[in-house]
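Analysis of the macromolecular model
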Amino acid sequence: MTKQNFSFPVFAKTATALSILAAISQASYAADNGEAKQLRVVVTATTTEMTEAESLTSVSVIDKETIEKQQPQEITELLAGQPGIDIVTNGGYGKSTSIYTRGSNSTGTKLLIDGVPIQSHSLGSSSWQYLPMAQVERIEIVRGPKSSLYGSSAAGGVVQVFLPEAGQENKANVSLGGGSFNTKQADASVSGSSGNASYLLSVGSFDTDGAQVKEQAGDMGYSNDNVLARFGYDFESGAYAKAFIMRAEGESDYTTSSNSLRSNDYVNQVIALTGGVDITEDWQSEIQIRESRDDYDVLNDQGAPTGTYYNSQSQGVRWDNTLWLDNHEFVVGAEHIKDEFDGSYSKERTSNSVFAQSFSQFGRASVQLNIRADHYDEYDTQTTGGIALGYQLDDIYTARVSGRTSFTAPTFNSMNAENWGYTLANEIRPETSETFEVGMRADYLHGYWDAAVYQADYDDLIAWDYPTVGNIDKARVRGLELAAGTDIEQWSFAVAATILDTQNQSEGANKGNRLVRRAHKSARIDVDRQFENASLGFTVASYGERYDDAENQSLLPGYGLLNLRASYDFAQDWNAKLTVKNAMDKAYQTAEGYSNPGRGVFLTVNYSAF
């Protein structure tokens, strides 16, 4: 086994994050003056609006202000180092990206875009790399199993991306930018309302020559052209209807195992029509009809189609009903999903699901119960559930404990592994897990902190280890997560730290080994200083070492990245932002053989009208 080389910088940054967390707690407590706390509301954890403490779940929120400050070009910049989040990329700028939440497989993190799930049904994971950041307004990260609300692919957690809403006030924004790697970006949006109707139209374009991903392979370019259209209408009766479409398309270059240049000509698209009505004062009903697409054609080095393509499509209907009775809230609903894939093989499957959730408050104590049944046409009904208990110790501290189960349906690729030169080690079964968690949260006037410890036990975790693919009988994940944030006068601080212990517990040569591509430690620090018409800030995100193979022979060293940012309002309605990504020009890999971009400097000028 390869000897582990511990990365002192990663340990140092983790210790620094913990020190800052303690300081934030003391500073936030000292800054409280009896004013009302401004608690953040989340919806992904329960599908209804609750504060982070009330949700009895480990939640992280990346709000609009944070996104505007950091000017991310890819979602990985926002997710890197967040509690429980691990990221693996085959290079930067539109290259294959996997998100591992709390040690689950990459198929165990569900991506929702305004409530619409989107993923590749061949791979089972989402194309995170194609998400246009100009269209992202808010992100909620829910850590821990949520299959009892969202079905398959939520074993580790759920990341929900919220798009800009249609506004009541007339607004227009234009943004132009560029920088390193011959990067060019342009975005424009307009929104407003007329009577009971509201609208938003946003278009954007991102293009870069990219950086070298593999040795002697040259730069790997990427482009993303995107559009978002949204419409809403509020009826006098209190009913509402809203619809949106978001589409991103472009090309992303890469190299094959034989170093041949290829390009993915991709399309990512989500469409949804949602209607809601208050049936009674205590009963609200909502139905959503939706469709998502994750398609791409493979082009050769001349830009001509090779005849290889991968088209995923999902159509669904979800019906949610929320009822209130004294101190009790109930959510009951049903969902129908049809998934289709067409490429080197064709496959489809349907699922029908029912689910229920209750939330009850008894003085300072609260209880949340969940249950869901998913019936697929390929295998037995999967039933998942959970119970969470919370207790508000005082006006600041809330303790929570929970136990939840989850499942992840096999990917179409794993069920057709022979197409990729693999041999099936067994008839592929759904992954299942049980997770137990204990947490504590403190909410101050000017800040918060949250801590959680958990253990997840997986059965039948699906693993690809050439030349076979099959289920790992048992795997165990243990973790500790810490997060804190505060705003004190003109300063804002946020820190996060994660310690993760993964273990393959199946009999065989790999028993006791760590699971592939999960870093043992991670940390993140965000600091910003606001001036009268300017701001300065930085982010440090660090990851410890990880193994790139099931045998634990290929060790990838840990790394730390520093991003710098500055913003200046140089005239009325005008703003300029300067960012320096990977300011220390760190060379690092999260997948063996695939390098990520070095230092990049970017300038963006923004204009807002009305």
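Some words on the overall build of the chain
On a plain count of helices and strands, the chain comes out with five helices and 36 strands. The C-alpha atoms of the chain give 23 Å as radius of gyration, which agrees with the globular expectation for 610 residues (25 Å, within 12%). By principal-axis analysis of the C-alpha atoms, the chain measures approximately 60 × 55 × 50 Å. Within the span of the chain, comprising 610 residues, buried residues form 54% of the whole. Partitioning the contacts of the chain with sequence separation of at least 6, the portion at a separation of at least 24 is 61%. If you sum the accessible surface of the chain, you get close to 25,700 Å²; carbon and sulfur atoms cover 53% of it.

Notes on the pattern of salt bridges
Enumeration according to the criterion identifies 34 salt bridges in this entry. Note that Glu-481 is salt-bridged to Arg-102, the shortest N-O span being 2.9 Å. Here Glu-481 is found in strand β26 (residues 468-488), whereas its partner Arg-102 is found in the loop between β5 (97-101) and β6 (109-113), with 379 residues between them in sequence. Since its relative accessible area comes to 1%, Glu-481 is described here as buried. Looking at Arg-102, the relative accessible area reads 3%, which means it is buried.

Details of the confidence of the model for the chain
Taken as a whole, the chain shows an average pLDDT of 91; of its residues, 94% reach a score of 70 or greater. In the predicted structure, residues 1-11 sits below a pLDDT of 50 and forms 25 contacts with residues beyond four places in sequence or in another chain.

Describing the side chain of Ser-285
Of note, Ser-285 is situated in strand β16 (residues 283-299). Among the polar contacts made by the side chain of Ser-285, one reaches the side chain of Trp-319 at a distance of 2.8 Å. Residues contacting Ser-285, with those up to four places away along its chain left out, are Gly-275, Gly-276, Val-277, Ile-279, Trp-319, Asp-320 and Asn-321.

Focus: the packing of aromatic side chains
Inspection of the entire model under this criterion finds 17 aromatic pairs. Aromatic pair Tyr-130 and Tyr-266: ring centres 3.7 Å apart, planes at 0°, arrangement stacked. Linking Tyr-130 in the loop between β7 (116-117) and β8 (138-143) with Tyr-266 in strand β15 (residues 261-280), this pair joins segments that are 136 residues apart in sequence. Residue classification places Tyr-266 among the buried residues on the basis of a relative accessible area of 0%. Taking the centre distance of 6.0 Å and the plane angle of 40° together, the rings of Phe-570 and Trp-574 count as tilted.

Considerations on the side chain of Asp-339
Here Asp-339 is to be found in strand β18 (residues 328-342). This buried residue, Asp-339, is left without a salt bridge; Arg-349 holds the nearest opposite charge, at 4.3 Å. Polar contacts involving the side chain of Asp-339 include one to the side chain of Ser-314, which spans 2.8 Å. Once you skip the residues sitting within four places of it in the chain, Asp-339 turns out to touch His-121, Gln-313, Ser-314, Lys-347, Glu-348, Arg-349 and Phe-412.

With respect to the pairing of strand β19 (residues 346-362)
With 15 bridges joining them, β18 and β19 adopt antiparallel strand pairing. The residue bridging His-336 from the neighbouring strand is Asn-352, located in β19. The turn joining β18 and β19, which pair antiparallel and follow one another in sequence, is formed by three residues. Direction of pairing for β19 relative to strand β20 (residues 365-376): antiparallel, over a ladder of twelve bridges. For Gln-357, the partnering residue across the bridge sits in β20 and is Asn-370. With antiparallel pairing between neighbouring strands as the criterion, β19 and β20 make up a hairpin whose turn holds two residues, including Gly-363 at a positive phi of roughly 65°.

Details of the sheet that holds β7
Pairing within the open sheet is mixed, and its five strands lie in the order β3-β8-β9-β6-β7. The open sheet has two free edges, formed respectively by β3 (58-62) and β7, since each of these has just one partner strand. Relative to β8, β3 runs antiparallel, the two being bridged by five bridges. Counted as the bridge partner of Val-59 is Val-142 from β8.

Here we look at the environment of Ile-396
One can find Ile-396 in the loop between β21 (382-392) and β22 (397-408). The exposure class of Ile-396 is buried, given its relative accessible area of 16%. Distance from Ile-396 to Asn-327, taken between C-alpha atoms, is 21 Å for residues 69 residues apart in sequence.

Topic: unusual backbone geometry
One non-glycine residue with positive phi stands out, namely Phe-181, at about 60°. Tracing the backbone shows Phe-181 in the loop between β10 (171-179) and β11 (183-194). The class of Phe-181 is partly exposed, set by a relative accessible area of 21%. One non-glycine residue, Arg-517, lies in the positive phi region at around 70°.

Some words on the nonpolar core
The biggest cluster of nonpolar side chains holds 35 residues, and the ones touching the most others in it are Ile-75, Leu-79, Ile-113, Ile-139 and Val-161. Top contributing element to this core by residue count: helix α3 (residues 75-79), with three residues. In contact with Ile-113, other than residues within four places in its own chain, are Ile-118, Leu-131, Val-161, Leu-163, Phe-244, Met-246 and Val-270.

Considering the environment of Tyr-607
You can see Tyr-607 is positioned in strand β36 (residues 600-609). A sequence separation of 429 residues divides Tyr-607 from Gly-178, and the C-alpha atoms of the two residues are 16 Å apart.

Description of a nonpolar patch on the surface
The grouping of Val-190, Tyr-199, Leu-201, Val-203, Phe-231, Tyr-233 and Phe-235 at the surface amounts to a nonpolar patch, some 590 Å² of accessible area in total. Those elements giving two or more residues to the nonpolar patch turn out to be β12 (197-208) and β13 (222-234). The greatest single-element share of the nonpolar patch, amounting to three residues, is contributed by β12. Positionally, Tyr-199 belongs in strand β12. The class for Tyr-199 is partly exposed, based on a relative accessible area of 35%.

Here is what the cut-offs are and how they apply
Sequence order sets the numbering: in each chain, residues are counted from 1 along the sequence as written. Thresholds applied to this predicted model are a pLDDT of at least 70 for local features of residues and 80 or more for the giving and counting of side-chain atom pairs; totals over whole chains, interfaces and linings are not thresholded and use all residues. Processing note: side-chain calculations cover all non-hydrogen atoms of the structure and skip hydrogens and water entirely. To qualify as a helix, a DSSP run of H or I must reach at least 4 residues; to qualify as a strand, a run of E must reach at least 2; elements of each kind are numbered from the N terminus. Restricting the calculation to C-alpha atoms gives the radius of gyration, and the globule rule supplies 2.2 Å times the number of residues raised to the power 0.38. Partly exposed describes any residue whose relative accessible area lies between the buried limit of under 20% and the exposed limit of over 50%, with all areas from a 1.4 Å probe on protein chains only and scaled to the type maximum. The contact criterion used throughout is that any non-hydrogen atoms of two residues lie within 4.5 Å. Areas reported as accessible are Shrake-Rupley estimates using a 1.4 Å probe. Residue values count occlusion only from the protein chains shown. We define a salt bridge as a contact between a side-chain nitrogen of Lys or Arg and a carboxyl oxygen of Asp or Glu at a distance within 4 Å. Think of pLDDT as the predictor's per-residue confidence, scored from 0 to 100. Pairs of N or O atoms are called polar contacts if they sit within 3.5 Å, as long as, within protein, a hydrogen donor faces a hydrogen acceptor (for residues adjacent in sequence, only side-chain-to-side-chain pairs). Pairing of aromatic side chains here covers Phe, Tyr and the six-membered ring of Trp, requires ring centres within 6.5 Å, and sorts the geometry by plane angle: under 30 degrees stacked, over 60 edge-to-face, intermediate tilted. In this count, Lys and Arg are taken as positive residues and Asp and Glu as negative ones, while His and the chain termini are left out. At least two bridges found by DSSP between two strands is the condition for calling them paired. We define a nonpolar core as any set of buried Ala, Val, Leu, Ile, Met, Phe, Trp, Tyr and Cys residues linked to one another through side-chain atoms lying within 4.5 Å. Like charges are joined within 9 Å and nonpolar side chains (Val, Leu, Ile, Met, Phe, Trp, Tyr) within 5 Å, but only among residues with over 30% relative accessible area and no salt bridge; these make up the patches.

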